[in-house]
Amino acid sequence: MPIDFKSQLNPAQLEAVMTTDGPVLVVAGAGSGKTRTLVHRLARLVSLGVEPSSILLLTFTRKAATEMLHRAEKLLGMALGGVQGGTFHAFSFATLRRYPQAVGYPGSLTIMDRGDAEDVMGLVMGEKGMGKGDKSFPKKGFVLELIGKSRNKELSIHEVLSRESYQLLPHASALEQLAEGYEDYKRNHGLLDYDDMLFTLERVLVENPELLEALRARHRYIMVDEYQDTNMVQARLVKLLAGDAGNVMAVGDDAQSIYAFRGANVENILSFPRIYEGTRVVRLEQNYRSTQPILDLTNSILSQAKDRFEKNLFTERTEGPLPEIVKAYSDQTQAKLAADRIRELRKRYMACEIAVLFRAGYQSYALELALNKEGIAFQKYGGLRFSEAAHVKDAVAYLRVLHNPRDAVAWKRVLTLVDKIGEKTAMKIAAAVRDNDQALLTAQRKKNPGLEALFAFLEDLRADPGGPASLLDRAVTFYTPTLTHLHPEDFPRRLAGLEQLGQIAATYAHMEQFLADLALENPAEEQKGVREDAVVLSTVHSAKGLEWPAVLLLDLVDDRFPSRHALARPEDLEEERRLLYVACTRAKDELTLFVPGTIYNRAGGGSQPAMPSLFVRELPRALYSELRETFSGSLTAASASLGSSFGTSVGSSSGNCGSVSTSRFETPRRTTSIHAPISEPEARSALASSPSALGDGPLGFCQHRIFGRGKVVARLDDGKCRVNFPGFGMKVILSEYLEMEP
DNA sequence: GCGCCTTAGTTTTTT
DNA sequence: ACTAAGGCGC
């Protein structure tokens, strides 16, 4: 039965689907049916008789690729197993693996994840003796990030430094040497980092015209999702594979570009029509996801952006509640309030229809505890990866040294697990293995029974290798005594993790693919699938492309969202704004933004007052309704119920509450009817009347709801005061929390 | 010289 | 929680 594309798509989507030859750029606003369009085009190509195997679908995650394939299969009623797809990195690695002679690297290759790369950088810095004892020298993680930026943005180290870290310019030449040392080290040990996969594929394609031709013939139709987040080498790879008048469809949204920090270049999508002559540009502007009140809010977020986005999103879903801003006393009570809200939403939604989003992985810790306490199941995306946990890396390292004996990073891991062996000895032994220095190896084995056991174990594995699952199983058995010794408290949890790793390994026949996917694809995440009974917790980055009926957003305060790291440079701040745009546009029906009054900072010495996020302060008051945690006066303020703040004044303080309340959201416009539509000029004037920080003013005495009367010792430039409270000591407090005495 | 323990100072986002 | 550095003991 032929698919009736006309009835299933709007005119713009239809145009994108019906255009099968030549370059097409689909500029797809949030929620405009981008995935639907890609899925239908996939189905259309196949229904026209195109071989699935000649279609290449490049997406941001493998999850996105498989989901699209499944949807297209459902549409077509046939399997599409032949379609090539996945991330740029996975595709590149798979292609390189298929043509090893063209790559020209001898022996097996190991893909390094971030942690491995840091280990290598640590070794290189140690070898060169750089950064030792010099506090001004950047740490290995930073050095690596710098090198990554330099490669991804294709700028010199010096240029990156002068743009974003000029205080490190004195170290420029040392850093350049480290970059070289890092490259050499990888080459000599058969190691590839993420960037290497892209650059190596490009080199191979350029150097081997006949191979390029073969790949062009193989991948006749190319579709690239999230094109705004490709970097320069990715764009060149697409161009190389497509040829001059290639059949490429790029899909993306310049307003949702959120990966500039790793070298994504939004210019790629903007210049696509120039690069591909005869490009047909299709704009998808009708939003099918969100209600009008949510769109009003997200449009407002974008309207403040420095780069103008020609976005004209509209929806037919006019009805819906206003987005809510919930002010909690602290990030601790925020967790409780969010858990309460989730319990309430559970009456109307399935758990999997509710998502909690946040800027950084650690920001959900308090909520995770609260949900555990209340017995609400959740699944977390983003943040620390399963495969980055130390015990997983340890267990996998045994497999890695077997697979690639030159893999010095893995050697260092397995060797330093042995008692009495540290970094130095480990590197000596790894070198001896590489050079086949039997004399040294025998001598070391005689000296250390733990080492003898390790080598005997590895020889045993090598003599009788099995599949990834059986090898891993034996490695875990060998590793378990070390693990229990290392983590007497929580080794059961870690053993359970290794058990899960075993289940993943069982789905792989080849060690190389297993190790590669561990670094590239986060197979643990895919294994868990979507649980209907679990609420989703996710970083905003990991939530990209997804949607939920109800979305909660945590920690909308300065330093958290926008991130502290983004405050220095305007372009970073703009990326944070787009990130918030991405976050809010995930919501279909209900959107709640949480603004805690204080945030806990281990480094900053406990709880600190927090300023509502710049982006929240910019929002016209009419676009949201506001709730605030009521002041109960007890330490268990977390159990306080929510109530509308309208007309509520801050009550008198009674003593010993660990958290504070603010009146920072009171603006002159608070009497505006919250359901009235707002015009652009109104929005602007609402903006102009946003509260401003009280940076200056006389010193003197002040009142604080919790600490009482205190002496203002200094006024700090970020709207905070240093106040000496009798009995409480010196505190740094936002001026808004203080009532000045005349 | 090297391993290992203690302590002080930091935690963004991802392939 | 995790890194880096300093100190102690072999």
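Residues numbered from 1 in each chain as written. Chains lettered and ligands numbered in written order. Predicted model: local features only at pLDDT ≥ 70, side-chain atom pairs only at ≥ 80, totals over all residues. Heavy atoms only, no water.

Caption draft 1: Layout of the overall build of chain A. A count of helical and extended segments in chain A gives 30 helices and 23 strands. Burial statistics for chain A: of 742 residues in total, 54% are counted as buried. Considering only contacts in chain A between residues 6 or more positions apart, those separated by 24 or more positions represent 74%. For chain A, the accessible area works out to roughly 32400 Å², and carbon and sulfur atoms hold 53% of it. (Helix = DSSP H or I, 4+ residues; strand = E, 2+ residues; numbered from the N terminus. Buried < 20%, exposed > 50% of the residue type's maximum accessible area, 1.4 Å probe, protein only. Contact = heavy atoms within 4.5 Å. Areas by Shrake-Rupley, 256 points an atom, 1.4 Å probe, with all protein chains shown as cover.)

Caption draft 2: Spatial organisation of the packing of helix α7 (residues 114–128) against helix α8 (residues 140–153). Taken N-terminus to C-terminus, the directions of α7 and α8 make an angle of 110 degrees; their axes are 9 Å apart at the nearest point. As the angle between them shows, α7 and α8 are arranged roughly perpendicular. Between α7 and α8, the contacting residues are Arg-114, Ala-117, Glu-118, Met-121, Gly-122 and Met-125 on the first element and Lys-140, Gly-141, Val-143, Leu-144, Glu-145 and Ile-147 on the second. Split by residue class, the contact of α7 with α8 holds six nonpolar, two polar and four charged. (Axes fitted to C-alpha atoms, helices over the stretch in contact; angles between N-to-C directions. Parallel < 35°, antiparallel > 145°, perpendicular 65-115°, else oblique. Nonpolar A, V, L, I, M, F, W, Y, C, P; charged D, E, K, R; others polar.)

Caption draft 3: Molecular detail of the packing of helix α19 (residues 390–403) against helix α25 (residues 491–505). Interhelical geometry of α19 versus α25 gives an angle of 50 degrees and a closest axis separation of 9 Å. Overall, the two elements α19 and α25 adopt an arrangement that is oblique. The element α19 and its partner α25 pack so that their crossing is right-handed. Packed against α19, whose contacting residues are His-391, Val-392, Ala-395 and Val-396, the element α25 presents Arg-494, Leu-498 and Leu-501 at the interface. Counted by class, the contact of α19 with α25 contains five nonpolar, one polar and one charged residues. (Left-handed = near helix turned anticlockwise from the far one by under 90°.)

Caption draft 4: Molecular detail of the packing of aromatic side chains. A full pass over the atoms with the stated rule returns ten aromatic pairs. Judged by centre distance (5.5 Å) and plane angle (85 degrees), the rings of Tyr-227 and Phe-272 are edge-to-face. Separated by 45 residues along the polypeptide, Tyr-227 in the loop between β6 (221–224) and α13 (232–242) and Phe-272 in helix α15 (residues 272–275) bring together distant segments of the chain. Exposure class is identical for Tyr-227 and Phe-272. Each is buried. An aromatic cluster of at least three residues, connected via ring pairs, comprises Tyr-398, Phe-457, Phe-478 and Tyr-479. Sitting above the plane of the Tyr-276 ring, Lys-239 keeps its charged end 4.5 Å from the centroid. (Phe/Tyr/Trp six-rings, centres within 6.5 Å; stacked < 30°, edge-to-face > 60°. Lys NZ or Arg CZ within 6 Å of the ring centre and 35° of its normal.)

Caption draft 5: Representation of helix α21 (residues 423–434) within the structure. Between its first and last C-alpha, α21 extends 16 Å over twelve residues, near the 16 Å set by a 1.5 Å rise per residue. Looking at the buried positions of α21, the neighbouring elements they touch are α20 (408–416), α22 (438–447) and α23 (449–463). Looking one or two residues past α21, Asn-436 carries a phi angle of roughly 55 degrees, positive in sign. (Expected span 1.5 Å × (residues − 1).)

Caption draft 6: How the structure looks around the environment of Lys-139. Assignment of secondary structure puts Lys-139 in the loop between α7 and α8. Distance from Lys-139 to Met-125, taken between C-alpha atoms, is 9.5 Å for residues 14 residues apart in sequence.

Caption draft 7: Layout of the protein's contact with DNA strand B. Taken together, 28 residues are adjacent to DNA strand B, and Arg-359, Lys-420, Gly-422, Thr-425 and His-565 come closest. Backbone atoms, meaning sugar plus phosphate, form 58% of the atoms of DNA strand B positioned within 4 Å of the protein. Between DNA strand B and Lys-420 there is a distance of 2.6 Å, counted from a phosphate oxygen to a backbone nitrogen or oxygen. The separation between a phosphate oxygen of DNA strand B and a polar side-chain atom of Ser-542 is 3.0 Å. In terms of residues, the surface near DNA strand B owes the most to one element, α21, which gives three residues. Taken together, the residues that form the surface near DNA strand B break down as eight nonpolar, eleven polar and nine charged. (Near = heavy atom within 4 Å. Polar contact = N/O pair within 3.5 Å; in protein donor to acceptor, adjacent residues only side chain to side chain.)

Caption draft 8: Representation of the pattern of salt bridges within the structure. One pass over the full model with this rule turns up 62 salt bridges. The closest approach of N and O atoms between Arg-341 and Glu-344, which form a salt bridge, is 3.5 Å. Separated by three residues within a single helix, Arg-341 and Glu-344 lie in helix α17 (residues 331–345), roughly one turn from each other. We classify Glu-344 as partly exposed; its relative accessible area is 36%. (Salt bridge = Lys/Arg side-chain N within 4 Å of Asp/Glu carboxyl O.)

Caption draft 9: Region of the structure containing the nonpolar core. Of all hydrophobic cores here, the largest spans 43 residues; its most connected members are Trp-411, Leu-415 and Phe-514. Within the residue set of this core, elements represented by two or more residues are α19, α20, α21, α23, α24 (468–486), α25 and α26 (511–520). Broken down by element, the residue count for this core peaks at eight residues, all from α19. Those residues in contact with Trp-411, other than ones at most four positions away along the chain, are Val-401, Pro-405, Ala-430, Val-433, Phe-455 and Leu-458. Residues Val-540, Trp-548, Val-551 and Leu-580 belong to the second largest nonpolar core, which totals 42 residues. (Core = buried A, V, L, I, M, F, W, Y, C linked by side-chain atoms within 4.5 Å.)

Caption draft 10: Highlighting the sheet that holds strand β8 (residues 280–284). The parallel open sheet is built from six strands, whose spatial order is β3-β2-β6-β7-β1-β8. The two strands at the open ends of the sheet, each matched to only one other strand, are β3 (84–86) and β8. The sheet shows a mean angle of 10 degrees between the axes of neighbouring strands, taken without regard to direction. Together, β1 (24–28), β2 (55–58), β6, β7 (247–252) and β8 form the strand contacts of helix α3 (residues 34–47), whose direction differs from that of β6 by roughly 170 degrees. (Pairing = 2+ DSSP bridges.)

Caption draft 11: Just a nonpolar patch on the surface, in detail. On the surface, Tyr-362, Tyr-365 and Leu-384 cluster together into a nonpolar patch covering about 380 Å² of accessible area. Within the secondary structure, Tyr-365 is located in helix α18 (residues 365–374). (Patch = residues over 30% accessible without salt bridge, like charges linked within 9 Å, V, L, I, M, F, W, Y side chains within 5 Å.)

Caption draft 12: Fine view of helix α28 (residues 570–584). When the terminal C-alpha atoms of α28 are compared, their 21 Å separation across 15 residues agrees well with the 21 Å that a helix rising 1.5 Å per residue should span. All of the buried residues in α28 are Leu-573, Glu-574, Glu-575, Glu-576, Arg-577, Arg-578, Leu-579, Leu-580, Tyr-581, Val-582, Ala-583 and Cys-584. Among the structural elements, α16 (292–303), β10 (354–358), β13 (548–553), β14 (587–596) and α29 (614–617) are those in contact with the buried residues of α28.

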